[in-house]
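Structure assessment
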Amino acid sequence: MLAHGVILQLGGRIMKILAGVLAVAITSRALDGNAGDQQSRFGQYVLILAFVLLFSAIAAFGVDSIVIRDLAAADEGPAMRARVVGVASSLKVLLSLLTVAIALMAAMLLHYPAEQIATIAAFSPYILLTSFGSTGLYGDILQADHVSRPIAIAGSLAAVCTMAGTALAAFWHGAVIAFLGAYLAAGIVDVTVTWAAARRRVALRLRWDGAYARELMRESVPLGVATCFVIIYVRIDTILLQQITGSDRQVALYGIAYKMFDVLSTVAATIL
């Protein structure tokens, strides 16, 4: 069962990897066909994507691991499972909205241009999507029940959506937000597929239980703090590079090289 689940999820992740590599190749050529020495629309794309992904990872704050543990407990009945999911859903919505607000404030403190802040705001729903998709709450529900097929399907369809959206944006000579919109569309597909599978296993609606919410957050804090340090260490390099050099072109060159490592590193994470 373990090997079967790993193979299915790995298949979906490989599709995402291929989509990520192709999306970077298409986007870099489409956005930077005639880039100057310091100006690079692809660099802006890389910066905004890294910036939002940084805060997207922080938004989880260790909650997912505790949710999987509680859902997988042998003595959990339907009522308790619904309670866990309902409270976790409410917490994830609150954490996502708080993270979006912090991300926008951080962008302003870093003195990003108004156009970039507006693009970050337009792309920020991605934070909420990832909180509930195959790597978020709905994926937690399926993993706790040893169900991997919908996660693999969601990953594969999201990959196709990413490639199709990127190709369309390139065909229509879209702006940076058009290429980022391909990830938003893929996130919507991912959430839809995993939601449809998860709702067959447990009631999906917002609930609030102060006692359990405090317990969930208390147990999540150590994991959340550790995750924040790791994610900041992994993701902040692109943001620092732009602040140090002030060159979108340098960010673009770094982004092309680093993206290859970034997408391939997810293979080990999937097996883990």
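Use the structure listed above.
No experiment lies behind these values; they were computed from the predicted model shown.

The rules behind these values
Residues numbered from 1 in each chain as written. Predicted model: local features only at pLDDT ≥ 70, side-chain atom pairs only at ≥ 80, totals over all residues. Heavy atoms only, no water. Helix = DSSP H or I, 4+ residues; strand = E, 2+ residues; numbered from the N terminus. Contact = heavy atoms within 4.5 Å. Buried < 20%, exposed > 50% of the residue type's maximum accessible area, 1.4 Å probe, protein only. Phe/Tyr/Trp six-rings, centres within 6.5 Å; stacked < 30°, edge-to-face > 60°. Core = buried A, V, L, I, M, F, W, Y, C linked by side-chain atoms within 4.5 Å. Salt bridge = Lys/Arg side-chain N within 4 Å of Asp/Glu carboxyl O.

**Brief notes about the overall build of the chain**
Summing up its helical and strand segments, the chain has eleven helices and zero strands in all. Each helix (α) and strand (β) of the chain, taken in turn from the N terminus, gives the series α-α-α-α-α-α-α-α-α-α-α. Considering only contacts within the chain whose residues lie at least 6 apart along the sequence, 83% involve residues at least 24 apart.

**Points about the side chain of Ser 28**
In this fold, Ser 28 is placed in helix α1 (residues 2-31). Setting aside residues no more than four positions away along its own chain, Ser 28 makes contact with Phe 42 and Ile 256.

**Topic: helix α6 (residues 125-132)**
Across the eight residues that make up α6, a large majority, six, are buried. Listed as buried for α6 are Tyr 126, Ile 127, Leu 129, Thr 130, Ser 131 and Phe 132. If you follow the buried residues of α6, they end up packed against α2 (41-60), α4 (78-109), α5 (114-123), α7 (137-144) and α9 (176-198).

**Side note on the packing of aromatic side chains**
Following the criterion strictly, the structure yields six aromatic pairs and no others. Seen in terms of ring centroids, Phe 123 and Tyr 126 are 5.2 Å apart; in terms of plane orientation they differ by 15°. Their pairing is stacked. Seen in terms of ring centroids, Phe 132 and Tyr 138 are 5.6 Å apart; in terms of plane orientation they differ by 55°. Their pairing is tilted. A relative accessible area of 9% means that Phe 132 is categorised as buried.

**Some remarks on the nonpolar core**
Judged by nonpolar contacts, the single largest core of 62 residues is most densely connected at Tyr 45, Phe 51, Val 67, Tyr 112, Phe 123 and Leu 216. In terms of residue count, α2 provides more of this core than any other element does, 13 residues in total. Excluding residues that lie within four positions of it along the chain, Leu 216 makes contacts with Val 63, Ile 66, Val 67, Ala 88 and Leu 91.

**A short note on the pattern of salt bridges**
On inspection of all chains with the given rule, the structure shows six salt bridges. For Asp 64, the salt bridge goes to Lys 92, with nearest N and O atoms at 3.0 Å. Highlighted residues: Asp 64 in helix α3 (residues 63-72) and Lys 92 in helix α4, separated in sequence by 28 residues. Since its relative accessible area comes to 3%, Lys 92 is described here as buried. Across the salt bridge formed by Glu 219 and Arg 69, the nearest N and O atoms sit 2.7 Å from each other. Here the residue Glu 219 occupies a position in helix α10 (residues 210-245), and Arg 69 occupies one in helix α3, the gap between them amounting to 150 residues. Relative accessible area serves as the criterion here: at 28%, Glu 219 is assigned to the partly exposed category. Since its relative accessible area comes to 42%, Arg 69 is described here as partly exposed. One salt-bridge network, in which partners are shared between bridges, spans Arg 69, Asp 70 and Glu 219.

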